[in-house]
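Remarks on the overall topology
The lines below spell out each chain.
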Amino acid sequence: LLDTSELFSPFEAEARKEIAAGFAFIEVSADTAILRQGQEADALYVLLAGDLMVSQQHEGASEEIDRLEVGAICGQAALLAASEATATVSAARKSWLLKLPAADFRRLIMTHPRVLAFLSEHYRLPDQSQVVTGARPKRDSYTSGNLRII
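The following paragraphs examine the structure supplied in this document. Every value quoted in this text rests on a predicted model; they were computed, and no experiment measured them. In this convention, every chain numbers its residues from 1, walking through the sequence in written order. Where local features are concerned, this predicted model is filtered to residues with pLDDT of at least 70; where side-chain atom pairs are given and counted, the filter is 80 or more; whole-chain, interface and lining totals use all residues. To obtain the side-chain values, all non-hydrogen atoms of the structure were included, while hydrogens and water were left out.

**With respect to helix α3 (residues 102-111)**
Heads up, the rule is: Under the scheme applied here, a residue whose accessible area is under 20% of the maximum for its type counts as buried, over 50% as exposed, and between as partly exposed, the area being computed with a 1.4 Å probe on protein chains only. Helix and strand definitions follow DSSP, with helices as H or I runs of at least four residues and strands as E runs of at least two, each counted in order from the N terminus. Here the arc refers to the directions that run from the helix axis out to each C-beta atom.
Taken as a whole, α3 has its buried residues at A102, F105, L108 and I109. Buried residues of α3, seen end-on, are gathered within an arc of 115 degrees and therefore sit on one face of the element.

Right, dumping it as structure tokens:
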């Protein structure tokens, strides 16, 4: 995925190896949350295989708002905004992901500004009033090829 993803394709092979070294391969079972609405994101996640469900709490009820497929990236919005996640992301079935811990993500965007530029160009950060009030954010996303950022 690091060789084919638009996020990492601008980098030479050696830089891709350096970036890949920061990721951990994880397996999650169905119904396991990797991000929780109202909590800080602990990492950036890239879905390798499986299916992720995005849901939000509204008036005490959980509502599914999206499904993420292979190549999707999640966690970056909360990491970039240094805010709480505006939705819960959980495995709809057994899934495999790459996980880049928050500290490594911050180091990555500082040492490889093209990653930050790509995310900033293709992803609008949530309105801070939505984060504070819990209002449902607009479902902005960017999709290109196998890469989907939400």
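**What about the sheet that holds strand β4 (residues 52-58)?**
Short version of the rule: Think of it this way: DSSP has to see at least two bridges between two strands before they count as a pair. Note on method: axes are straight lines fitted to C-alpha atoms, helices fitted across the in-contact stretch only, with angles between N-to-C directions ranging 0 to 180 degrees.
If you walk across this open sheet you meet the 4 strands as β2-β7-β4-β5, and the pairing is antiparallel. Every other strand in the sheet has two partners, leaving β2 (33-35) and β5 (61-68) as the edge strands with one partner each. When the angles between neighbouring strand axes are averaged without regard to direction, this sheet yields 35 degrees. As judged from the 2 bridges shared by β2 and strand β7 (residues 88-91), these two strands associate in the antiparallel manner. Looking across to β7, one finds that A33 is bridged to S90.

Honestly, it's all geometry; don't read function into it.
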